[in-house]
Each structure stands twice: as C-alpha cells, then as structure tokens.
2 protein chains.
Amino acid sequence: MTKSVSSNLSPTAASHPGFTGIRTAQNPHPRPSNPYQPVGDFLSNVSRFKIIESTLREGEQFANAFFDTETKIRIAKALDDFGVDYIELTSPAASEQSRLDCEAICKLGLKAKILTHVRCHMDDARLAVETGVDGVDVVIGTSSYLREHSHGKDMTYIKNAAIEVIEFVKSKGLEIRFSSEDSFRSDLVDLLSIYSAVDKVGVGRVGIADTVGCASPRQVYDLVRTLRGVVSCDIETHFHNDTGCAIANAYCALEAGATHIDTSVIGIGERNGITPLGGLMARMIVADHDYVTGKYKLHKLKEIEDMVAEAVQINIPFNNYITGFCAFTHKAGIHAKAILNNPSTYEIINPADFGMSRYVHFASRLTGWNAIKSRVEQLGLEMTDAQIKLVTAKIKALADVRPIAIDDADSIIRTFHLNLHSKEEKPLIADLTEEEQAKFEEAERQLSGEGEKRALEQEAEADAAPAAKKAKVAA
Amino acid sequence: MTKSVSSNLSPTAASHPGFTGIRTAQNPHPRPSNPYQPVGDFLSNVSRFKIIESTLREGEQFANAFFDTETKIRIAKALDDFGVDYIELTSPAASEQSRLDCEAICKLGLKAKILTHVRCHMDDARLAVETGVDGVDVVIGTSSYLREHSHGKDMTYIKNAAIEVIEFVKSKGLEIRFSSEDSFRSDLVDLLSIYSAVDKVGVGRVGIADTVGCASPRQVYDLVRTLRGVVSCDIETHFHNDTGCAIANAYCALEAGATHIDTSVIGIGERNGITPLGGLMARMIVADHDYVTGKYKLHKLKEIEDMVAEAVQINIPFNNYITGFCAFTHKAGIHAKAILNNPSTYEIINPADFGMSRYVHFASRLTGWNAIKSRVEQLGLEMTDAQIKLVTAKIKALADVRPIAIDDADSIIRTFHLNLHSKEEKPLIADLTEEEQAKFEEAERQLSGEGEKRALEQEAEADAAPAAKKAKVAA
C-alpha cells in the first residue's frame, strides 16, 4: 500500500489518471487535463476504501445459494487471499449450521477480520460474541415502512436497544457496527439522531443501507456527506442494485467520505443483489490504479467468481465486469483501428491487470482494414496495405451474406495470401450456396467507396502483380 | 402523458414517491418525507426524457451480434411498439447490406423516428440522407487519445467538417445531431467551443459520449449542467458500462438537463455494452412512475429482451434488471415477513407494472414463519400460528442438512398438516440417509431459541391436541 506517486498533491488527486494538469517539482510537464476529472477533496476516501465482503451473508440470501460448510470455507479463504478487509457471515441465530459455520471460519486464522450480521437484539448479540468473530454488525429497520410492517418498534425503542447491544459487544472487546436498514426511506432527523447517539457511546462504524435499491448517486453523496459531519466513527455503505446504481452509489459514497463498501462476488444477494466485488474493482482501478493493484490480487478475481458461480449454479453474465466474455472485445472498424494503435483509446481498464486479454473482433461487416492487418500479422503472413484493404473488402462482403466465424475470416486471409503467390487461383471460400454466392458478388460490387476500392485494386495491381488476379469466390 | 397528479409543485417533484412532505390543497396531510429524496429542479428532465434506442447500431457492435434483415425488422417493430422515441441504425457506409437494411426499416412507417449514425464526413452524410431516415447522428472523436491515434485531425478541422455536414443534412430537411466521442477525456474548452459552434449553426442535438465507460455520476452531472448553459439545443447522452455507472450516469445526466438517453436491449454493445433499456426503465419508474408507465409498454420488455437474447445467442443474466430470474425473489426471513405484510417494505418496483410476479422463497434455512404461513395459505391448508412456527422450525432444520426444493418444503407442510388431523403419524420426509437423519435431529434440538420453541410446542399442545404428537422424521 505504499504509493508510487509522491507529490504535494493529496494522494487521491495525484493518482487520478489525467490529473496531471498542475505543474509541480515531480510533474514539471503537466498534460492538459479535463477539469471534470474528479478532484479528490479532503472528504474523499476513493484512495483508501475498505471492503466488507458479504458473499457469505448477503450472498447467502440469493435465491440459489446453499453453501455447505466446505464451500463457505473455500470461499472465505479465497476472499482472504484476494485481500478483502472483512468477511461478513450469516447470523448464528439463523440456524444451528450457520452458527457452527461461523465458528469454523473464525478458527481458520485468516488475515481478513470476520464479522457476523445480526438483528439489533441482545439474544442475537450474545450468540454472536460466542462464535469467535472479530466484530458484530447489527442492523434494524428505521424507515416508516419497516417500522410499521416489519418489527413495529419506535425510534426510542430502537435507540435503547442499539445502545444496549453496542455496550455489550464492546464489553467483550469486539468491533461493533450499527446500521439502519432502508436508510434512504427513513426520516433524516430520526436517522441522524440515532447515528449521533450510537457514535457518542463509541460504536466503531455506522452503516447506511439502500435495502430496496432506490437510491441515486447524488442522494447518496448528500446523505453520506451530511452524516460525515455528524459522526466521528467510520461509515459503511450497502447498496442494492434494483435500479442499476449499486456501483455508482458506492463510488459516490466514498467521494462523500464513506470508509467501507459492502460487496459480494458477482453481486449475489436478495433480489438482483448488491455492489459486485469485480464491478467495484473495475470502478476503483480507474479512480486509483495504484491503490487497487497494490492491495488486491486482481488476477484471482476470475477464479473466485467461477467458484461462487458454480456453488450457486449460475452462469457468469455475458456482460459481467472484467470477466464477462465480451468485456475486452472490440468490434467496430474505427474502434479496432485505434485500439491497435493505442489500447487507451477505447479501453479505460488494462485487461492485463486482471490477467485477462484483449480481443479485437475482425470477422464482421463492421471490421476495418486495421483489424485485418493485425490479424494478418498474427497469422505470420506478409501483405501490403493495398492487399490487406482488398481482402478486408472481401471479408466485409462475406459477413453481409452470413455470420462468419474467426475460422472463416482466417481461411479467406490465408487463401487470398496463397493466391497472391501462386499461379492457380483457389476460391476464397468453398461452401457458399448459389444464392449466397450471388449475394456475395452483389455485396462486393456495391461495397461503399466503390471508386476507392477500384483505386485500391489498381494500386494493388501496381504493387504486387499476383494480387491483380481478382480472386474469385466459387461454390 | 397527462399527469395523474396536479399540484402547484413541479410535475417532477410531485410525482417522486415520498415527495409529499409539503402541505398543499391537493395534499392536505403530507407524509413526513426524506429530504434527501431528489427535488426536481428546473434543469431536470427526469420526468420528460426521450429514448434513442441503439440496439440496431451500438448493439450490432456487440461481439455476438449478426442481425439479418428480418431480425432487424422484427426488433425495430418491437421497439416501436414498446414506445421508444428514436431507433438508431448502423451507418449505411458500413456495408451494402447495412445500407439496404436502413432503407427497409425507414419504409416500415413506424411511429418512432429512424436515425442512422455516421462518421463526421460528407461521403457518409450523403449516403445517409438517401436512405430515407428522419435524422442523422454524426460523431467524431475529440479526446487527445482519439485525435492522436484514430483520425489524426485537429479541432479546427473537426469544427469545419461538422458545420459542413450539419448544413448539408439540414438542407435536406432532416434532423441532425453532432456528438463528440470520448467526451470525458476531451479538453473542456475544446468541447464547449465546438458544441457552441454547432449550436449556432442550428444543430438539433449535441451528444456527450462516455465511449470508454470511465465517467462517474458527479462528473456527468457537472459536464451536462455546464453544457446546458452553453447550448440551447437538445442534449443526448451515451454511456458505456465498463465501470458499472451506465444507468446511474444516464440518471444524473437527466437531472442536469440532458434530454435524450441512448439505450440498447440488455445493454448490448462494444465491450460490456451501454445503458440497458430495461435497467433504465427500472431506474426511471422509481423516479417518475406515471411518466414511465404512461409512455412505455413495460409488459413487453421481457418479450423484447428474449427476442434480442436469442438473436445474439446469449442468456439473460441471472441478475438482469426486472426480468432476471431473481429480480423479485425474497429469501431472508425478516424480508419475507415484511414483504408479505406490505410489498413496499422491500420492493421499490412493483413487478406487476412489468407483467412479472413476486416470489417469496421459503425453502431455506433463512426462512421465517411468516413466509411459511403465506405458503400454508397458498396451499389452502388451515393451521394455527403455533403450528406454523413448529413446522417452520422443522423446515429450517432440514434446510441445514441439505438443499431443499420447494417440493420438499411443500411435502413437509402437507405431511405435518395431515399428521395434525390423523391418528397415524407419517414421517415428514422419507428419503434421509441415516447420517442426514442424525444431523436433522441435532439441528432440530439446537435450533436457536430452544426455550422459545418449547413454549411454542406447549402452546401448540394446548391449542390443538393433534399437534401435540411430536412429528417424527424417519428414514
């Protein structure tokens, strides 16, 4: 966690990519920067956040989750190895097995601190402190919805129950967090007064929870910022993803001074889940590359996600952050060209930081000749630019006729290359129907920039005699 | 689009759920509200946004996408029926088939306006205006990354090219949008000066694009709000989801005065895609229920998503907004209890608005007796609360031993009920191994609240004699 950048700027600001617009001794030639790059102010914890990993608590509330003891231990060890700060476990009051598993995980001797998450009630707190955990997370609903339809208690009752539990857990020498539930539909005055009360009796952290997933980023920023002025303890935040803001809200919470973010692997939890560990890594590595790569073993992410996905019998979503199959796939011609020149053009995350690879998709009608050029080089073939433009036109025409696989494109490139250097002319592709063949020829003729194409062909003829043979595509 | 609420508040503010804290003639008994509920200010377009649906442009850049003409037409018709304002298509310059498809979709006579998306170049613009589209979206990279590594043009060139294209498209009587690319890594002064220049020559919309997915919500709010003060035309925004902020950024853009949001079905696009149509609906229905339900045919969402998922051969992610299999599944005991009392406790979106259903998961060790009570009622059985608490304890104990399906829980409930009313006592579950049986008995004995459970059993004995027989679970 040592910083690689040292300057008189705050670490947050200095490590933001692009935040190099201020001339300093360490940065004598600042690049012009976008003033909209967020400037880390004194509140921001973007560069020193901690993770409370809740796959074994919130994640167990996911519809498909049934973790046996062995699976829980495997997940806990993997999360610990990844580098999360805390691992949160299901309440020992939920069932006898939950209690035993809690004890078993506490005995593993992990670097991460172990927490369990219980109702704000002395019975649960007593059970919790006996499991060997490092800390207890207590929670109670504070919104009018929950007070009316769930536990039916008033704010005075809640405050007294909280203080009793907090003092009990502290007396056992353990960490203690107090969280409201459904914080964004709770009365602000109620919220602040209970947080202030628990802060005064020495709670370690207070928690804000968007239990129903209704909060929006600027709301989160405002509430956390206000709370930051009311309490002196740490602030933990927990965001559900029902309306698609779980990662953004976590980020805005950190900007406003929150210290801890709850996550789960692939975001599993109640309903469609919470802030995903991998998605948070994607967000935070863009905000502070050095902090994130220095603290977490990012190349283990895929392994952990695969382990959890298998345990709960789900597929990794195609569009999952970082590890989804298309996360680093580039397709459009203009994108592919730029990516091949400089990956930063269309990539804000370096896949190598996660042990992943970039893939430039060239077998489509949106391809461009730069993508094909790169492929030609990968295949170890030598062709002039003019020749590459010609074969690109053929691949695009074919992609108009039917979906083409990488194999198809490779085969066209190889055959085209072969034809360049041989007397005999092989068909570029062998299995087109008559209808497809006609369509292909039409597409080839009509390819946009007809004149440009003709010029290319002429250039190709001049450059390299064999290319002058207009390669025929025959059934 | 008539509003169902009339008051002297702005429509935005009045229709926010919970924003009822101000006493008016129409709202004489305001509920205490959370002051952090966003208050619609005069900039906000949260209650009058428009959708530019780009499945047939951005979506075609998704790794797996190959849409034939028939599929494109089916998708365009479905999106039109859903109620999107615009449908954006791949450039006719991409390939001959793209041009023909563009013409074919323009001829369908849809209510939605048809756009095509081209490079900022007269050749592309000429092709575009001849396809019959209602408008042309032009785009050019303005970041230093793209200017250096993609097209290599300077800002003066870009401005002149833009003005030429805009005046040409306007002369044909079509709508015209000018967008920068990679706006959040472009120089702010460059950006504002080109937007100001194109606004002066009468562009219809300007576009901000987070092409690499690096923007964060407060950055978006700031940039859009600044731009809102510079141009008088509409503002469109386009957000990639690489760092998990695509929906949140769209929402903050609307709060800051953006008018149009780009979406695609299930978010498909370059890399892991853009703001998903369904996810945006989830976000916006929470912000303005009446506007969203009045304008869009939300119950068609699942059908459209299934159609597109099939066309690009992907599975709908398990955690997809609204239509994912677990979007409305509730599992934890305290959640289930409250949901059964009042769904608003743990649901910010009513699944019925989308033709979906809620599902309370009761076959797990996290279940509570309220969930089981609801299931008992669904099964048409009559049991006292004490009896239900007893069978709940048995289900939790069993769920500790092995994963249980709904069938298992139902079978336990039915057998338990049968035993209540018969002389003979059947085993609650028939296929446990000896080891499982021992574990089950242990779990039952150890169930938290042992004393409480005994009291329940006594109460049950007093209430209903047949329940006094301690139901045995035998192999």
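Up top you'll find the structure we're talking about.
Residues numbered from 1 in each chain as written. Chains lettered and ligands numbered in written order. Predicted model: local features only at pLDDT ≥ 70, side-chain atom pairs only at ≥ 80, totals over all residues. Heavy atoms only, no water.

(A) Seen up close, the packing of helix α2 (residues 69–82) of chain B against helix α3 (residues 96–106) of chain B. All names here are of chain B. At a closest axis distance of 10 Å, the pairing of α2 and α3 adopts a crossing angle of 35°. Considering only the axes of α2 and α3, their crossing is right-handed. Mapping the contact onto sequence places T69, K72, I73 and A76 in α2 and Q97, S98, D101, A104 and I105 in α3. When the residues that make up the contact of α2 with α3 are grouped by side-chain class, the tally is 4 nonpolar, 3 polar and 2 charged. (Axes fitted to C-alpha atoms, helices over the stretch in contact; angles between N-to-C directions. Helix = DSSP H or I, 4+ residues; strand = E, 2+ residues; numbered from the N terminus. Left-handed = near helix turned anticlockwise from the far one by under 90°. Contact = heavy atoms within 4.5 Å. Nonpolar A, V, L, I, M, F, W, Y, C, P; charged D, E, K, R; others polar.)

(B) Structural view of the sheet that holds strand β6 (residues 205–210) of chain A. All names here are of chain A. The strand order around the closed barrel formed by 8 strands is β1-β2-β3-β4-β5-β6-β7-β8, and the pairing between neighbours is parallel. Strand-to-strand twist across the sheet, computed as the mean angle between neighbouring axes with direction ignored, equals 25°. Note that strand β5 (residues 175–181) and β6 share 3 bridges and pair parallel. Each bridged residue has a counterpart across the sheet, and for R177 the counterpart in β6 is R205. Strands β4 (135–141) and β5 of the sheet are contacted by helix α6 (residues 155–171), whose axis makes an angle of about 160° with β5. (Pairing = 2+ DSSP bridges.)

(C) Representation of the interface of chain A and chain B. Each partner contributes residues to the interface: chain A has 107 residues there, and chain B has 108 residues. A buried area of about 9,100 Å², summed over both sides, lies between chain A and chain B, and 57% of it is on carbon and sulfur atoms. At the boundary of chain A and chain B, one finds 2 salt bridges. E255 of chain A is the salt-bridge partner of R218 of chain B, the closest N and O atoms lying 3.1 Å from each other. Run the count over chain A and chain B and you get 20 residue pairs in polar contact (both at pLDDT 80 or more). In terms of residues, the side of chain A that touches chain B owes the most to one element, helix α8 (residues 217–228) of chain A, which gives 7 residues. Grouping the amino acids of the side of chain A that touches chain B by side-chain chemistry returns 48 nonpolar, 34 polar and 25 charged. (Buried area = accessible area lost by both parts, 1.4 Å probe. Salt bridge = Lys/Arg side-chain N within 4 Å of Asp/Glu carboxyl O. Polar contact = N/O pair within 3.5 Å; in protein donor to acceptor, adjacent residues only side chain to side chain.)

(D) Inspection of the packing of aromatic side chains at higher detail. Counted by the stated rule, this structure contains 14 aromatic pairs over all chains. Look at F184 of chain A and F239 of chain A: their rings are 6.4 Å apart centre to centre, the planes differ by 40°, and that puts the pair in the tilted class. Of this pair, F184 of chain A sits in the loop between β5 and α7 (188–200) while F239 of chain A sits in strand β7 (residues 234–239); the two residues are 55 residues apart in sequence, bridging distant segments of the chain. Per residue, the accessibility class of F184 of chain A equals that of F239 of chain A, and both read buried. The ring of Y86 of chain B carries R205 of chain B above its face, with NZ or CZ at 5.1 Å from the centroid. (Phe/Tyr/Trp six-rings, centres within 6.5 Å; stacked < 30°, edge-to-face > 60°. Buried < 20%, exposed > 50% of the residue type's maximum accessible area, 1.4 Å probe, protein only. Lys NZ or Arg CZ within 6 Å of the ring centre and 35° of its normal.)

(E) Focus on the state of the cysteines. In this structure the tally under the stated criterion is 0 disulfides over all chains. No disulfide involves C233 of chain A; its sulfur sits 15 Å from the nearest other cysteine sulfur, which is in C120 of chain A. Among the residues examined, C233 of chain A registers a relative accessible area of 7% and is labelled buried. C252 of chain B takes part in no disulfide bond, and the closest cysteine sulfur, belonging to C252 of chain A, lies 6.5 Å away. (Disulfide = S-S within 2.5 Å.)

(F) Representation of the pattern of salt bridges in the model. Residues and elements named next belong to chain B. Taken as a whole and assessed by the stated rule, the structure comprises 48 salt bridges over all chains. The partner of D81 in a salt bridge is K300, with the nearest N and O atoms 3.6 Å apart. Of the two residues, D81 sits in helix α2 while K300 sits in the loop between α11 (289–295) and α12 (301–311), which places them 219 residues apart along the sequence. Between E96 and R99 there is a salt bridge; the shortest N-O distance is 3.0 Å.

(G) Representation of empty space enclosed by the protein in the model. The final tally for this structure, using the stated rule, is 8 cavities of 30 Å³ or more. As for the largest cavity, its lining consists of 23 residues, and the residues nearest its centre are N241, N319 and Y321 of chain A together with N319 and Y321 of chain B. When its residues are assigned to classes, the lining of the largest cavity shows 11 nonpolar, 12 polar and no charged. By volume, the second largest cavity amounts to about 80 Å³. As for the second largest cavity, its lining consists of V212, D242, R271 and N272 of chain A together with I322, A327, F328, Y346, E347, I348 and I349 of chain B. Grouping the amino acids of the lining of the second largest cavity by side-chain chemistry returns 7 nonpolar, 1 polar and 3 charged. (1 Å grid on protein atoms, 1.4 Å probe; cavity = no way out; pocket = protein on both sides within 12 Å on 5 of 7 lines; lining within 4 Å. Points joined across faces, edges and corners; volume = space filled by probe spheres on them.)

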